[in-house]
Amino acid sequence: MSSADTCDVAIVGGGMVGVSLALALAQAWPQKRRIVLLESFPLPDAKPDFAAAYSPSFDARSTALSYSSCLIYQQLGIWEQLRERACPIARIHVSDRGRFGHALLEAQECDWPALGYVIENAWLGNILIQSLHQQGRVELISPARVTDARIDGSGMALELADGEQLHAQLLIVADGAQSGLRESLGIDTDTRSYDQQAVIANIGHALPHGGCAWERFTRNGPLALLPLLADSAAPHRSALVWTLPPLEAERMTAASEADFLQALQQTFGYRLGRLQRLGERASYPLNLVQAKEQVRSGLVVIGNAAHALHPVAGQGFNLALRDVARLVDVLGGGEMQGEDFASLTALQRYANAQRRDQQRTVEFSDRLPGLFMRPEAALGALRDVGLLGLDLIPALRREFVQQTAGTAASAEYRRVQP
C-alpha cells in the first residue's frame, strides 16, 4: 500500500460483522469499486481445506443466529457451508423461575425449518473469512491498526500505525463496542451499566436437548441454555449465558466445577437431566452502549461500535447483520442511480430506514431483564398472564417470534428459506 493509496470503501474491523459487510458489499457492487478491509489482528490465510480439517471443541464459543440472519447468509451464498456445524433451534421455552407462567415458541408454527441456529464462532468466523478469500474482491490488510481518521476533501484520510495512509470515499467503523476509532472521530456514546455480568460456558448434560433453547428469568437476571451439536467429549451439550450480579458472577467463575454445576442445577432444574460437565468459563460486564451518531458524510458506524446490547434473546449480532443488509441495500440502490454513495443524504437514508428496527430491538433487550427481575407481586402476576397469553394465543406467538427473529423488520428476508 502506497502513502497515497485510495479506495472507495474502507471497513475498519475484521470481526464477524466487518467480514459479513465486506462479503455483502463485494457481492452487490460493481467490480470497479475498490473495497478494503483493515483488521488490527492477523486474519487467517486462505485455507481451501479448512472445512475438512475442522475439529469441534467442547469449549468452543458460539453465536445464536436468528432466522433472518440465516436468510441473509443464504443470500450471500454461504449458508449451506455454515449449516454443516449449526444446531437448529426447533423451539424456545420461556419461563419465570418461581412462578407458573411459561411459553413455548415453535418453528413449525411459523412454517420455518428452525427459529434460528446456534453455531460455533470458530466455524462461523473461518467460513466468513475463507469465503472472502475465495471471492477475491476485497483487499485484506492485516495486521493494520488505524490510529486516526479525519475528513479530507471528498472522503476520509486514515492514518495507520506503521505510518501508511489510506484515503477512502466511505469509511465504515466496525471495530467493536470499545471502538478507539469511534472515539478518535469524536463520536460520543450513551453508555449505561446494568450492574451485571454474563457468565458463559458450555455445559454437558444427561438428556438430549431436542433442539430446545431455554430462556429462564430469575431474580438475578436471565439464564439461557442454547442447544449445541454433539462433539466427541459430550453427546449432549448446550451453551450457557448466565446473567448475575458482579460479586455472584465472580464467585461462580471461581467456584469448583461441582459447586458451579450444583448452583446451576438448582437455578435451572432438571429439564436436561443431571448437568454433568462444565467447560471453560468466562465473564464480562454488561453495558448498553449506543453511539450518538451512526452516520456522517463519508462515515458509517456499525455493529457493536454503533450499539452493544444486553445478551438476552441474543439480539445484538443479529441486529448488526440486519444493519449490514440494509446498508448494502441502500448503497447499492444509490450506486444504480448514479448517486454519491458516501453523501450524507444517502447515508441518512440508511439511518432512517433502520432506525425503527434498532429502536425496537434495543428497547426489547434493555427492558425485558429488568421487568422479570422486579419482585412486586402485581408485576409477577402480570408476567404470568403475559407468558400464558403468549403460550395460548397462536397469533400473538407468531408476531412475537417474527419480531425476535428479525423477519418483521424487513419483508425481503422472507423471500427465501434456508
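Since the model is a prediction, treat every value here as computed from it, not as a measurement. Counting restarts for each chain: residues are numbered from 1 in the order of the written sequence. Predicted model: local features are reported for residues with pLDDT of at least 70 only, side-chain atom pairs are reported and counted for 80 or more only, and whole-chain, interface and lining totals are derived from all residues. Just so you know, side-chain values use all the structure's heavy atoms and leave hydrogens and water out.

Enquirer: Just checking my understanding: could you explain the side chain of Gln 130 for this structure?
Expert: In this fold, Gln 130 is placed in helix 5 (residues 121–135). In protein, a polar contact requires one atom able to donate a hydrogen and another able to accept it; more generally it is a pair of N or O atoms within 3.5 Å, and residues adjacent in sequence count only if both atoms are side-chain atoms. Here Asp 45 takes part through its backbone oxygen, which lies 2.9 Å from a polar atom of the side chain of Gln 130. By definition in these notes, contact holds between two residues if any of their heavy atoms fall within 4.5 Å. Discounting chain neighbours no more than four positions away, the residues touching Gln 130 are Pro 44, Asp 45, Ala 46, Lys 47, Pro 48 and Phe 50. The secondary structure listing takes helices from DSSP runs of H or I that are at least 4 residues long and strands from runs of E that are at least 2 residues long, numbered from the N terminus.

Enquirer: Sorry, what's going on with the environment of Ser 20 here?
Expert: Following the sequence through the fold, Ser 20 ends up in helix 1 (residues 16–28). Burial status follows relative accessibility: with a 1.4 Å probe on protein chains alone, a residue under 20% of its type maximum counts as buried, one over 50% as exposed, and anything between as partly exposed. Classification of Ser 20 as buried rests on a relative accessible area of 1%. A C-alpha to C-alpha distance of 9.6 Å links Ser 20 and Ile 72, two positions 52 residues apart in sequence. Ser 20 has contacts with Tyr 73, Leu 76, Leu 128, Leu 321 and Val 324, leaving out every residue within four places of it along the chain.

Enquirer: Please explain the pattern of salt bridges as it appears in this structure.
Expert: Here the idea is simple: oppositely charged side chains can pair when their charged atoms come close. The term salt bridge refers to a pairing of a side-chain nitrogen on Lys or Arg with a carboxyl oxygen on Asp or Glu at a separation within 4 Å. Enumeration over the complete set of coordinates arrives at 15 salt bridges. In this structure, the salt-bridge partner of Glu 80 is Arg 83, at a minimum N-O distance of 2.8 Å. Within this pair, Glu 80 and its partner Arg 83 are both found in helix 4 (residues 79–83), separated by 3 residues, close to a single helical turn. Here Glu 80 falls in the partly exposed class, since its relative accessible area comes to 48%. Across the pair Arg 192 and Asp 366 runs a salt bridge, and its minimum N-O distance is 2.7 Å. Taken together, the residues Arg 192 in strand 12 (residues 189–205) and Asp 366 in helix 10 (residues 344–373) connect sequence positions 174 residues apart.

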